[in-house]
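Topology and contacts: notes
Each chain, written out:
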Amino acid sequence: MSIILTSMADTVTTFAQVGNPTPEAPPLSDKIMQMVQYLTWFMILSGILAITVAGGKFAWEKWNGSAMESPKMIAGAMIGGVVATSGGTIMNAVLGS
């Protein structure tokens, strides 16, 4: 029994000697960040386009007197925009940075 405890104590001592490594960016991380910035720009552009198209459809439905389906499109585009732009904030809250 004392051999097992001695072995466990040696293991804990060995793990305690491992230093705290400094974070280092992986290779090509600058290209990945540029891609993320492009995707963010595309998401913002597509959200603005979706709201504009839904607004045009809303005016067309109102003018023709047809069934109103565009308010659902506007609500969906706005909810999608909130989720897309909140992604970074949510990840920072989860990761604690």
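The written sequence of each chain sets the order in which its residues are numbered from 1. For a predicted model such as this one, the threshold for reporting local features is a pLDDT of at least 70, and the threshold for listing and counting side-chain atom pairs is 80 or more; totals across whole chains, interfaces and linings nevertheless cover every residue. Side-chain calculation: all heavy atoms of the structure are included, whereas hydrogens and water are not.

**Observations regarding the UniProt feature "transmembrane region" (unreviewed entry) in the protein chain**
Heads up, the rule is: UniProt positions are given in the numbering used here, feature names are shortened, and annotations may be inferred rather than shown by experiment. Comment: elements are numbered from the N terminus, with helices defined as DSSP H or I runs of at least four residues and strands as E runs of at least two.
In the numbering used here, UniProt assigns the "transmembrane region" (unreviewed entry) feature to residues 38-60 and 72-95. Overall, residues 38-60 shows 100% helix and 0% strand. The separation of its end C-alpha atoms is 33 Å. When the span residues 72-95 is considered, its composition is 100% helix and 0% strand, and the gap between its end C-alpha atoms is 34 Å.

**Here's the deal with the packing of aromatic side chains**
What characterises a pair of aromatic rings is the spacing of the ring centres plus the angle enclosed by the ring planes. Let me state the cut-off plainly: Only rings of Phe, Tyr and Trp enter the pairing, Trp through its six-membered ring, and a pair is recorded when the two centres are within 6.5 Å. The plane angle decides the type: under 30 degrees is stacked, over 60 is edge-to-face, the rest tilted. For each residue, the accessible area found with a 1.4 Å probe, counting protein chains only, is set against the maximum for its type, and the residue is called buried under 20%, exposed over 50%, and partly exposed in between.
Under the defined criterion, the tally for this structure stands at one aromatic pair. Seen from their ring centres, Trp60 and Trp63 are 5.5 Å apart, and the 55 degrees between their planes marks the pair as tilted. On the criterion of helical spacing, the pair formed by Trp60 and Trp63 is a turn pair, its members being three residues apart in helix H2 (residues 29-64). One exposure class covers both Trp60 and Trp63, and it is exposed.

**With respect to unusual backbone geometry**
The phi torsion at Leu28 lies on the positive side, around 65 degrees, for a residue other than glycine. According to the relative accessible area criterion, Leu28 is exposed, its value standing at 60%.

**As for the pattern of salt bridges**
What counts is decided by this rule: Only one rule defines a salt bridge in this text: a Lys or Arg side-chain nitrogen within 4 Å of an Asp or Glu carboxyl oxygen.
For the structure shown, the criterion picks out one salt bridge. One salt bridge in this structure joins Lys57 and Glu61, with 3.9 Å as the shortest N-O distance. Of this pair, Lys57 and Glu61 both sit in helix H2, four residues apart, which is roughly one turn of that helix. Glu61 gets classed as buried once you look at its relative accessible area, which sits at 5%.

**Observations concerning a nonpolar patch on the surface**
Definition in use: A residue counts toward a patch only above 30% relative accessible area and without a salt bridge, and it is joined to like-charged neighbours within 9 Å or, for Val, Leu, Ile, Met, Phe, Trp and Tyr, to nonpolar neighbours within 5 Å. Exposure was quantified through the Shrake-Rupley algorithm and a 1.4 Å probe, taking into account, for residues, occlusion by the shown protein chains and nothing else.
A surface patch of nonpolar side chains, about 360 Å² in accessible area, is lined by Ile32, Met35, Val36 and Leu39. Of note, Met35 is situated in helix H2. On the basis of relative accessible area, Met35 is assigned to the partly exposed category, the value being 48%.

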